[in-house]
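Observations on chain architecture
Read off the chains here:
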Amino acid sequence: MRSKKCSMVMLFLIACVFVVANSMGIIRGYNNDDCMIFNTIGKFWEEGKVPYIDLFDHKGPLIFFINMLSWKFFHCEQGTLFFQIFSIFIMLIFLFKIAKLEVKSNWKCLFFTVITLLFLGLIYSGGNMTEEYCLPFITASLYFTLVYLKKYVDDKVTKHSIKYAFVYGISFAVCFLTRVTNAVGICVGILLILIILIKEKEGKNIFENALGFLIGFLAIFVPFAVYFAKKNAFYEMLEGTILFNLKYATNSASWLQGEVSMYTVRLYLQHFFPSYMIFIVGLLKFKKEKNAIGIFYILLGIFETILFMTGRLLQHYAMICLPNLLLIVLELEKSKISKNYKVVVYSFMIIGCLGISIKRYIKRIVPDHSAYESLMVQIPETEKESFIAVDVSFRAIYERYDVCPYYKYFVLQDFQASNSEKLYQQMYDTFLNGHVKWILFGGNLEESFMKTIVKERYDVVAQEESIGITLYRMKD
């Protein structure tokens, strides 16, 4: 018991160190990733705005809610660090519990958990991303799936606990309300369990588990649905959460259809290693043991590889298959390979992850946003409430200058418009008929949907050619 408590304390301290070390962009306020979009919506949600009605982005509301709570309780963009630490800590607990299914020593379990976390450092992308908040639920669902499969394989237990199904329902809802493709691993586990229950003719148990899953899903989904329904924004929530992303998925080409270089291949092999390697490990395991756990690993590898090879190659996408790495390490530990060889492999993984992380830290580029200051100071204080930034890479610009976006379409405008005809028209009408006085434009105007609007209705006030940004003011 004492050893277990010590392990939990260690896991918490490790979570704190990991998040702080990998969230320097958030801590220093220069992060340009999507997390600052979530932070902006969270900030102004806390101030009374309504996501999707007043501020639009194509993610589920849960990620905005977390950022809203960080502003509510901590009054700064760094407030998300507390939620990040909690999220990573819970994930580590379930990774530890998964390791305990195969390894008795708490210290060994801690060691394998840390190895897994080191790999996360390679794909963390600054933190406060949807995948990060889904990881505790993905890992918890994986743990309960493995508990059931081990009982089925070792003890011939066919009935699946409704409590586990309840956890799956909660986990799927969390993914649904952030980025639904994050749930691929959860869905694979549910699919295999359903096949087993059908095979074993457990009809009643299937019904019970379906009910448990539904209750878990609704426990998370209903509060958001009720809130947005009361705000007359339920459809808008679904549009931002699901409908836009379906169109985006159908319009998006696989990274394999683009210009594939040695860099992109290396990026895939390095960052998405757990997704395709679990397939190989599953084949070897099934060949040796011929059981459902081997099939589970194979299915995980197939579905995750399909997901990652048919979309964009963004490293943070790989976060959802992080637990696979622990499964791979545990299979290596159980194998009859010599102890010395295992030590070499573990050392290689640790040195490799630390080496790449340290190299990135040394070579990191801290964005210089001073050029924005020279433009923003030209906007009178009395007119700052009539401001919008269009396709500007500095995504923290609104909270940095404490300016609420004048229009709901406040970021990635051309990207979003290019993936939805309906959104394109709504965006075009908004900027055509609206009265925002100041526009900070950072895209390619000649290719933008705003080309004629800007040229006909706005004058150039100032430019910063070094960063390709132009400040416009509405003509008098």
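About the criteria used
- Residues numbered from 1 in each chain as written.
- Predicted model: local features only at pLDDT ≥ 70, side-chain atom pairs only at ≥ 80, totals over all residues.
- Heavy atoms only, no water.
- Helix = DSSP H or I, 4+ residues; strand = E, 2+ residues; numbered from the N terminus.
- Rg over C-alpha atoms; globule rule 2.2 N^0.38 Å.
- Buried < 20%, exposed > 50% of the residue type's maximum accessible area, 1.4 Å probe, protein only.
- Areas by Shrake-Rupley, 256 points an atom, 1.4 Å probe, with all protein chains shown as cover.
- Phe/Tyr/Trp six-rings, centres within 6.5 Å; stacked < 30°, edge-to-face > 60°.
- Lys NZ or Arg CZ within 6 Å of the ring centre and 35° of its normal.
- Disulfide = S-S within 2.5 Å.
- Contact = heavy atoms within 4.5 Å.
- Core = buried A, V, L, I, M, F, W, Y, C linked by side-chain atoms within 4.5 Å.
- Pairing = 2+ DSSP bridges.
- Axes fitted to C-alpha atoms, helices over the stretch in contact; angles between N-to-C directions.
- Salt bridge = Lys/Arg side-chain N within 4 Å of Asp/Glu carboxyl O.

Topic: the overall build of the protein chain
Looking only at helices and strands, the protein chain features 21 helices and 4 strands. Since a compact globule built from 476 residues should have a radius of gyration of about 23 Å, the 24 Å found for the protein chain is in line with a globular shape. A principal-axis box enclosing the C-alpha atoms of the protein chain has dimensions of 80 × 50 × 45 Å. When the 476 residues of the protein chain are sorted by exposure, 54% land in the buried category. For the protein chain, the accessible surface area stands at approximately 21,900 Å², while carbon and sulfur atoms represent 64% of it.

Regarding the packing of aromatic side chains
Each aromatic ring pair is specified by the distance between its two centres and by the angle formed by the two planes. Enumeration according to the criterion identifies 43 aromatic pairs in this entry. Considering the side-chain rings of Phe 74 and Phe 82, the 4.3 Å spacing of their centres and the 10° angle between planes classify their relative orientation as stacked. Here the aromatic residues Phe 38, Trp 45, Tyr 52, Phe 64, Phe 65, Phe 224, Tyr 227 and Phe 228 are joined through ring pairs into a cluster of three or more. One residue, Lys 43, lies across the ring of Trp 71, its end atom 4.6 Å from the ring centre.

Describing the state of the cysteines
On inspection of all chains with the given rule, the structure shows 0 disulfides. The thiol sulfur of Cys 76 is not disulfide-bonded, and the nearest other cysteine sulfur, from Cys 35, lies at 13 Å. Judged by relative accessible area, Cys 76 falls into the partly exposed class, the value being 26%. Not part of a disulfide, Cys 187 finds its nearest cysteine sulfur in Cys 175, a span of 8.0 Å. On the accessibility criterion, Cys 187 (37% relative accessible area) is partly exposed.

Brief notes about the side chain of Thr 40
By the element assignment, Thr 40 lies in helix H3 (residues 35–46). By relative accessible area, which is 0% here, Thr 40 ends up buried. With near-sequence residues (within four places) excluded, Thr 40 lies in contact with Leu 55, Arg 395, Tyr 398, Glu 399 and Phe 410.

Side note on the nonpolar core
Residues Ile 88, Leu 120, Phe 387, Ile 397, Phe 431, Ile 439 and Leu 440 are the most contacted members of the largest nonpolar core, which totals 159 residues. Per-element accounting of this core gives the leading share, 14 residues, to helix H7 (residues 130–155). Apart from residues no more than four positions distant in its own chain, Ile 439 is found in contact with Ile 388, Val 390, Phe 431, Met 450, Tyr 458, Thr 470, Leu 471 and Tyr 472.

Observations concerning the pairing of strand S4 (residues 469–474)
Most of S4 sits out of view: 5 of its 6 residues are buried. Where strand S2 (residues 438–441) meets S4, 4 bridges bridge the pair, whose relative direction is antiparallel. Counted as the bridge partner of Ile 439 is Tyr 472 from S4. Here strand S3 (residues 458–464) pairs with S4 via 6 bridges, running antiparallel.

Quick look at the sheet that holds S2
Taken in spatial order, the 4 strands make up an open sheet running S1-S2-S4-S3, and their pairing is mixed. This sheet does not close on itself; its edge strands, each paired only once, are strand S1 (387–390) and S3. Between one strand axis and the next, the sheet turns through 20° on average, direction left out of account. When S1 meets S2, the two strands line up parallel, connected through 4 bridges. Bridge pairing in S2 links Val 390 to Phe 441.

A few points about the pattern of salt bridges
Scanning all chains against the criterion turns up 19 salt bridges. Here Glu 131 ties to Arg 179 by a salt bridge, and the two come within 3.9 Å at their closest N and O atoms. With Glu 131 in helix H7 and Arg 179 in the loop between helix H8 (162–176) and helix H9 (184–199), the pair connects residues that are 48 residues apart, well separated along the chain. Classification of Glu 131 as buried rests on a relative accessible area of 1%. A salt bridge links Lys 150 to Asp 154, with the shortest nitrogen-to-oxygen separation between them at 3.9 Å. Taken together, the residues Lys 150 and Asp 154, both in helix H7 and 4 residues apart, mark about one turn of the helix. Among the charged side chains, a network of salt bridges with common partners joins Glu 102, Lys 150, Asp 154, Lys 285, Glu 289, Glu 331 and Lys 334.

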